[in-house]
Amino acid sequence: MAGSGNSPRPPLQVDRLAYSWPNGQIALQHCTLQIPRPGLWMLLGTNGSGKSTLLRLISGLLSPRQGQIHTALKPALVFQNPDHQLLLPSCFSDLLLSLPTGLAASERQLAAEQALEQVGLSDLIRRPIHTLSGGQKQRLAIAGALASGAELLLLDEPTALLDPDSQDEVLDLIRTLTQRQPRPLTALWITHRLRELDRCDGAALMERGQVGPWLDGATLRNRLSPLPDGPAKG
Ligand SMILES: Nc1ncnc2c1ncn2[C@@H]1O[C@H](COP(=O)(O)OP(=O)(O)OP(=O)(O)O)[C@@H](O)[C@H]1O
Ligand SMILES: [Mg+2]
């Protein structure tokens, strides 16, 4: 990630993005955001403020009407419901879908094992997916992102459907991955849970299609308590 001179290139730079849905609904306008360094960065905002649309634009699923997205990192989306993301019946077979093409069978086995090891699921390589807990499924979805070579994780309320222990499990994992050396990941994590703010490197509020400045997580938490809407608080 080396840039020119002494200043490394930021992992993500979004400049004046605009997006309208085909029905004319404006989702983003003059949306600017810079992630200054690898780490865990959180976005909060009321329902409909444009958070999910922004992640879809950064991932390349949607194309902006105006503005630019600069990143040298490969992005991967992780959704709220892992059942929408996991396609094949076993952990191993599902992970194979994420691996780069052209690997020999032994390389595929090794890459799948390494991805599962990074998310703490080494013992479950042959497990049918329907037997996993919600937190394990979410960790498997993250393993798929890692197996694909992604270094920019875009997580859209990844803990919204999980019980408190599983929420912590997924948050701990992303913390670890964003602090690992070498090559710490960059994660942009959308949440409605104020308590998660205590674990981030910076948090910003999204309002009416624009992202505010990065704040210390605890500062934003105090400012927002309680959020005007959203499914979960706490
Ligand atoms: N497929 C779609 N077609 C038309 N409008 C959409 C579509 N998806 C989202 N929108 C609209 O775009 C705006 C931004 O929605 P978005 O889903 O990005 O918000 P959000 O911040 O993720 O909300 P939430 O917290 O409820 O997930 C809203 O006005 C929403 O109604
Ligand atoms: Mg959303």
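Residues numbered from 1 in each chain as written. Chains lettered and ligands numbered in written order. Predicted model: local features only at pLDDT ≥ 70, side-chain atom pairs only at ≥ 80, totals over all residues.

## Re the nonpolar core
For step 1, the next point in the chain: Formed by 60 residues in total, the largest nonpolar core has its most connected members in Ala143, Leu153 and Leu154.
For step 2, the next point in the chain: Counting residues per element, this core draws most heavily on helix H4 (residues 134-147), which supplies seven residues.
For step 3, the next point in the chain: Aside from chain neighbours lying at most four places away, what touches Leu154 is Leu55, Ile58, Ser59, Pro75, Ala76, Leu77, Val78 and Leu188. (Core = buried A, V, L, I, M, F, W, Y, C linked by C-beta atoms within 7 Å. Buried ≥ 20, exposed ≤ 12 C-beta atoms within 10 Å, placed from the backbone. Helix = DSSP H or I, 4+ residues; strand = E, 2+ residues; numbered from the N terminus. Contact = placed C-beta atoms within 7 Å.)

## Side note on H4
Helical periodicity: at 3.6 residues per turn, an α-helix aligns residues three or four positions apart in one direction.
For step 1, the next point in the chain: Here H4 contains 14 residues, and its C-alpha end-to-end distance of 20 Å stays within 8% of the 20 Å for a straight helix at 1.5 Å per residue.
For step 2, the next point in the chain: Most of H4 sits out of view: 13 of its 14 residues are buried.
For step 3, the next point in the chain: A positive backbone phi angle near 90° is found at Gly149, which sits one or two residues after H4. (Expected span 1.5 Å × (residues − 1).)

## A closer look at the sheet that holds strand S2 (residues 26-35)
For step 1, the next point in the chain: Pairing is antiparallel across the open sheet formed by three strands, whose spatial order is S2-S1-S4. Lying at the two open borders of the sheet, with one neighbouring strand each, are S2 and strand S4 (66-70). Averaged over all adjacent pairs, the angle separating strand axes in this sheet is 15°, with direction ignored.
For step 2, the next point in the chain: Contacts from helix H1 (residues 51-59) reach strand S1 (12-20), S2 and S4, with the element oriented near 115° to S1. (Pairing = 2+ DSSP bridges. Axes fitted to C-alpha atoms, helices over the stretch in contact; angles between N-to-C directions.)

## What about the site of ligand 1?
For step 1, the next point in the chain: The environment of ligand 1 is formed by Trp21, Asn23, Gln25, Ala27, Gly45, Asn47, Gly48, Ser49, Gly50, Lys51, Ser52 and Thr53.
For step 2, the next point in the chain: Counting residues per element, the shell around ligand 1 draws most heavily on H1, at three residues.
For step 3, the next point in the chain: In the shell around ligand 1, the residues fall into two nonpolar, nine polar and one charged. (Near = placed C-beta within 6 Å. Nonpolar A, V, L, I, M, F, W, Y, C, P; charged D, E, K, R; others polar.)

## Considerations on unusual backbone geometry
For step 1, the next point in the chain: Here Gln181 and Pro182 are connected by a cis peptide whose omega angle stands at -5°.
For step 2, the next point in the chain: For Pro182, the position within the fold is in the loop between helix H5 (164-179) and strand S7 (186-190).
For step 3, the next point in the chain: Although it is not a glycine, Glu157 sits at a positive phi angle of roughly 50°.
For step 4, the next point in the chain: With respect to the helices, strands and loops of the structure, Glu157 is situated in the loop between strand S6 (152-156) and H5.
For step 5, the next point in the chain: If you check the backbone angles, Arg208 has positive phi at about 45° while not being a glycine.
For step 6, the next point in the chain: Along the polypeptide, Arg208 turns up in the loop between strand S8 (202-207) and strand S9 (210-211).
For step 7, the next point in the chain: Judged by the 14 C-beta atoms lying within 10 Å of it, Arg208 falls in the partly exposed class.

## Let's talk about the pairing of S1
For step 1, the next point in the chain: Sheet topology places S1 next to S2; six bridges connect them, and they run antiparallel. Within the sheet, the bridge partner assigned to Ser20 lies in S2 and is Ile26.
For step 2, the next point in the chain: Adjacent in sequence and paired antiparallel, S1 and S2 are bridged by five residues, among which Gly24 carries a positive phi angle near 95°.
For step 3, the next point in the chain: Across four bridges, S1 lies against S4 in antiparallel orientation.

## Topic: the sheet that holds S8
For step 1, the next point in the chain: Strand order in the open sheet formed by six strands is S5-S6-S7-S3-S8-S9, with mixed pairing between adjacent strands. Both outer strands of the open sheet, strand S5 (75-78) and S9, are each paired with one neighbouring strand and no more.
For step 2, the next point in the chain: Pairing geometry for S8 and S9, over two bridges, is antiparallel. In the sheet register, Glu207 faces S9, and the bridge partner there is Gln210.

## Notes on helix H2 (residues 91-98)
For step 1, the next point in the chain: Burial in H2 covers these residues: Cys91, Asp94 and Leu95. Angular distribution of buried residues about the axis of H2 spans 100°; they occupy a single face of the element.
For step 2, the next point in the chain: Looking at the buried positions of H2, the neighbouring elements they touch are helix H3 (105-118) and H4. (Arc of directions from axis to C-beta.)

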